[in-house]
Amino acid sequence: MLMSIRDRATGLFAWVIVVLLIIPFALWGIQEYLGGGSGVNVAVVNDLEISRNMLNRQVDGELRGKKDRPEGNALVLYRKQVLNRMIQEELIYQKAVDQGFRINEALIVMQIRSNTAFFVDGKFDQNRYEDLLRYNGLSPSGYQAKLARDMLTQQYVGSILKTSFVTPLEVDHLLEQQGRELNIAYMEVPFKKYQDAVQITDEQVSAYYNERKQNFMTPEKIKVDYLQLTTNDIESEIKYTEEQLLQYYNDNKDNFITPEQRRVAHILFEVTDDKNMGELVKAEEKANEVYAMLEKGEAFDQLAKKYSADAGSASLGGDIGALEEGTLDKAFEEVAVKLEKGKYSKPVKTAFGYHIIKVLDIKAGTNKSYDDVKTDIEANYKKQQAESLFYDRKEALYNQTYENPDSLEIASEALGIKIKTSGWFTRAGLPGDKIFSDAKVISAAFDEDVFAGGNVSRSLNSKLIEIKSKNKKSLGSVIVIRLSDYQPSQQQPLETVKAEIIKTLSAKAARKAMDADVESYLAHVRKNGSLESFAKDKSLSYKNPGFITRSDSKQDSLMLSAAFKAPKPEKEKTVYVSAHTLKGNAVIIGISGIKKGIVSKDDPARPFMSQFMQRMLSSGELTAFVEELKSQADIKFFESRLSNDET
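Read on for a plain summary of the structure. Bear in mind the structure is a predicted one, so any value in this text is a computation, not a measurement.

Time to look at the overall build of the protein. Scanning the protein from N- to C-terminus turns up 25 helices and 21 strands. Its C-alpha radius of gyration of 33 Å places the protein more than 25% over the 26 Å reference for a compact globule of 647 residues. Its C-alpha atoms give the protein principal-axis dimensions of roughly 95 × 85 × 60 Å. Looking at the protein residue by residue over its 647 residues, the buried ones come to 39%. For the protein, the share of sequence-separated contacts (at least 6 apart) that also reach a separation of at least 24 residues comes to 71%.

What follows covers the sheet that holds strand 12 (residues 353-363). Backbone hydrogen bonds are what pair the strands of a sheet, in a parallel or an antiparallel way. Spatial ordering of the open sheet is given by 10-9-12-11, a layout of four strands whose pairing is antiparallel. Strands at the two margins of the open sheet, each flanked by one partner only, are strand 10 (319-322) and strand 11 (348-350). Neighbour-to-neighbour, the strand axes of the sheet open up by a mean angle of 40 degrees, direction not taken into account. Bridge analysis of strand 9 (residues 261-270) against strand 12 gives 10 bridges, and the strand direction is antiparallel. Bridge pairing in strand 12 links Q261 to K363. Of the strands in this sheet, strand 9, strand 11 and strand 12 are in contact with helix 14 (residues 277-295), which crosses strand 12 at around 40 degrees. Where helix 15 (residues 300-307) meets the sheet, its contacts fall on strand 9 and strand 12, and the angle it forms with strand 9 comes to roughly 40 degrees.

This next bit is on the sheet that holds strand 18 (residues 541-548). Strand order in the open sheet formed by four strands is 18-5-20-19, with antiparallel pairing between adjacent strands. Taken across any chain shown, the strands that pair with only one partner, and hence form the sheet edges, are strand 18 and strand 19 (575-580). Averaged over all adjacent pairs, the angle separating strand axes in this sheet is 25 degrees, with direction ignored. By the bridge criterion, six bridges tie strand 5 (residues 181-189) to strand 18 in an arrangement that is antiparallel. Across the sheet, the residue bridging to I184 is G546, located in strand 18.

Turning our attention to the pairing of strand 1 (residues 41-45). Most of strand 1 sits out of view: five of its five residues are buried. Looking at chain direction, strand 1 and strand 2 (residues 48-51) are connected through four bridges and run antiparallel. Considered in strand 2, the bridge of A43 is made with I50. Bridge count between strand 1 and strand 21 (residues 635-637): three bridges; the pairing is antiparallel. Note on strand 21: the bridge partner recorded for A43 is F637.

Once that is clear, we can look at the pattern of salt bridges. Side chains that differ in sign of charge can pair as their charged atoms come close. Tallying each qualifying case throughout the model produces 18 salt bridges. Salt-bridge contacts for D319 lead to R263; the nearest nitrogen and oxygen are separated by 2.9 Å. Of the two residues, D319 is situated in strand 10 and R263 in strand 9; the sequence distance between them amounts to 56 residues. Accessibility expressed as a relative area gives 18% for D319, which makes it buried. Close ionic contact of E289 with K286 constitutes a salt bridge, the shortest N to O distance being 3.4 Å. Of this pair, E289 and K286 both sit in helix 14, three residues apart, which is roughly one turn of the helix.

Two elements in contact, helix 11 (residues 202-211) and helix 22 (residues 494-528), have axes separated by 10 Å at closest approach and are oriented at 105 degrees. One way to sum up the angle between helix 11 and helix 22 is to call them roughly perpendicular. When helix 11 is examined against helix 22, the residues D202, Q204, V205, S206, Y208 and Y209 are found in contact with a partner set consisting of L494, V497, K498, I501, I502, T504 and L505. For the contact of helix 11 with helix 22, a count of residues per class yields eight nonpolar, three polar and two charged.

Here we take up a nonpolar patch on the surface. A surface patch of nonpolar side chains, about 320 Å² in accessible area, is lined by F608, F612 and M616. Summarising the element assignment, F612 is placed in helix 25 (residues 606-632). By relative accessible area, which is 36% here, F612 ends up partly exposed.

Orientation of helix 6 (residues 105-113) relative to helix 8 (residues 140-161), taken along the N-to-C sense of each, is 110 degrees, at an axis distance of 10 Å. Compared by their axis directions, helix 6 and helix 8 come out roughly perpendicular. Handedness of the helix 6/helix 8 crossing: right-handed. Contacts between helix 6 and helix 8 involve L107, I108, Q111 and I112 on the former and, on the latter, Y143, Q144, L147, A148 and M151. Classifying every residue of the contact of helix 6 with helix 8 gives seven nonpolar, two polar and no charged.

Next up on the list: the packing of aromatic side chains. Enumeration according to the criterion identifies 21 aromatic pairs in this entry. When the ring of F118 is compared with that of F124, the centres are 6.3 Å apart and the planes differ by 90 degrees; the resulting orientation is edge-to-face. Pair check on accessibility: F118 and F124 agree, each one buried. Relative to Y381, the ring of Y240 lies with its centre 6.1 Å away and its plane at 75 degrees, an arrangement referred to as edge-to-face. Of this pair, Y240 sits in the loop between helix 12 (231-235) and helix 13 (242-251) while Y381 sits in helix 18 (residues 374-403); the two residues are 141 residues apart in sequence, bridging distant segments of the chain.

Scoring rules and cut-offs
Residues numbered from 1 in each chain as written. Predicted model: local features only at pLDDT ≥ 70, side-chain atom pairs only at ≥ 80, totals over all residues. Heavy atoms only, no water. Helix = DSSP H or I, 4+ residues; strand = E, 2+ residues; numbered from the N terminus. Rg over C-alpha atoms; globule rule 2.2 N^0.38 Å. Buried < 20%, exposed > 50% of the residue type's maximum accessible area, 1.4 Å probe, protein only. Contact = heavy atoms within 4.5 Å. Pairing = 2+ DSSP bridges. Axes fitted to C-alpha atoms, helices over the stretch in contact; angles between N-to-C directions. Salt bridge = Lys/Arg side-chain N within 4 Å of Asp/Glu carboxyl O. Parallel < 35°, antiparallel > 145°, perpendicular 65-115°, else oblique. Nonpolar A, V, L, I, M, F, W, Y, C, P; charged D, E, K, R; others polar. Patch = residues over 30% accessible without salt bridge, like charges linked within 9 Å, V, L, I, M, F, W, Y side chains within 5 Å. Areas by Shrake-Rupley, 256 points an atom, 1.4 Å probe, with all protein chains shown as cover. Left-handed = near helix turned anticlockwise from the far one by under 90°. Phe/Tyr/Trp six-rings, centres within 6.5 Å; stacked < 30°, edge-to-face > 60°.

Following this line, the structure appears as structure tokens:
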């Protein structure tokens, strides 16, 4: 059924369908390409509804592949951030349409047909296009609408960002700030001292627990039934004859050849920054100079020992052993495989600099006999046959589970695949499980159709989900899932979370006590000076690193940030500020001097700084523009519905 539709959806017929579908979807907006606005709304933007289902799909897509998925209040906060972005994108899209921005339908088709993800043998393939979309839960029309929308929004945003510019004087100012140095000393107050002194009572623990019970809920859990189709299972069914194996050998003799081996040496003239023209020219000149020495008859191995920047091979006369395809720079390999034994090349430019390459030895490839490779032939033949059957059975699995959405049993009987059941897992997946730690599977399991609010009787079969294999040459497997069992979120008893609460309250109390002391210490040194003698009186650590830069790797980054944000010290006076370190300790910093950064018109960082400032300025202007759109729009935001169990 699907095959016949797919076969006809090619050539001019397919182009006509694509163009006809693009026009309405490119204009309908977010509601259509995200799958409709039915269900509970979490926001309304100028009468356009954003449903909780739409938000769920967006959140699941963004969290796909992440190991540490937020839960509880953290997940609600994350969902709020995602929803804010969706609202902003919708406002920009609506404004772009109002301003007359449009995307030519032919550009959308061109974008699709030039996407290498849809290529087979270097060309766009309609079957692969449809398969990839289906595996990702998209229809061609929905994908085309999303692509049209993205292109239109990017075009409009680009028109805003291109209006920003930065003057040379502004770049000078930033370069001076970046190169600035401060003369600092600091006293460190250890957090542990306060933490050890804190005593938390049972009453405090109980009060904290009762006020925040919603923070101590177990996440909801589910089990799913599933059918899995793998090439390995199919391979076990493959039968073959000796004649078939012999035919396979004769048809694929080129695959059973011991490849040619080349032992090569090189002289490297290293370039650490391939954007530094001065360094590139210098390396090329040196390479040409050494090449001229070779032409005059000097020994390759002696020149390698003297001039090569590759210390590992230089002592061996430049010998780097056997050349293995794909392990070295492509430009290096292309030259090395064409050289005759004993010959050397002219200087060759790669990502690492310039090389002079010499082939020391060549061992020709040899044909392997049928008997030598029979085991490999059996494995390859079974794999080839299994892959061919895999595509047919995958199509059948899709048809059976789609046409019978309320059960896996019919597909199980038709294809002879046993129904399996997962262990319990949350929205964070099942750690260590190859299938149920896969982000696509987790997303499908909690999709509205499969999850069905935890109601097993209402659960529908999922779409086909592709499980990729670590072996890039393997097709992996596909599965279809449906809800098997559901365990709602439950309140954890106080005793279970008591240790966690004590840790939290201890840290909070210790931080409060430490900050109170630091505030009084800071007032004292600002009034009396002499941070060093004060630190000695309090038996606290005192250090005087002297002049430091913003990027001093020996200093704590939070302390550096506070120091460079502090007011500029007046002549012969010290400015004191406090900060926290990455380890949680507190520091009081004394800043007694400043050295201005040196600004040069030839500074190689100047182009980067100019681009950085332009991006920052553009970003600020875009943010201001979005805020203006928000102030003019009619936006309803239902924050109480951001939790999946709220109605």
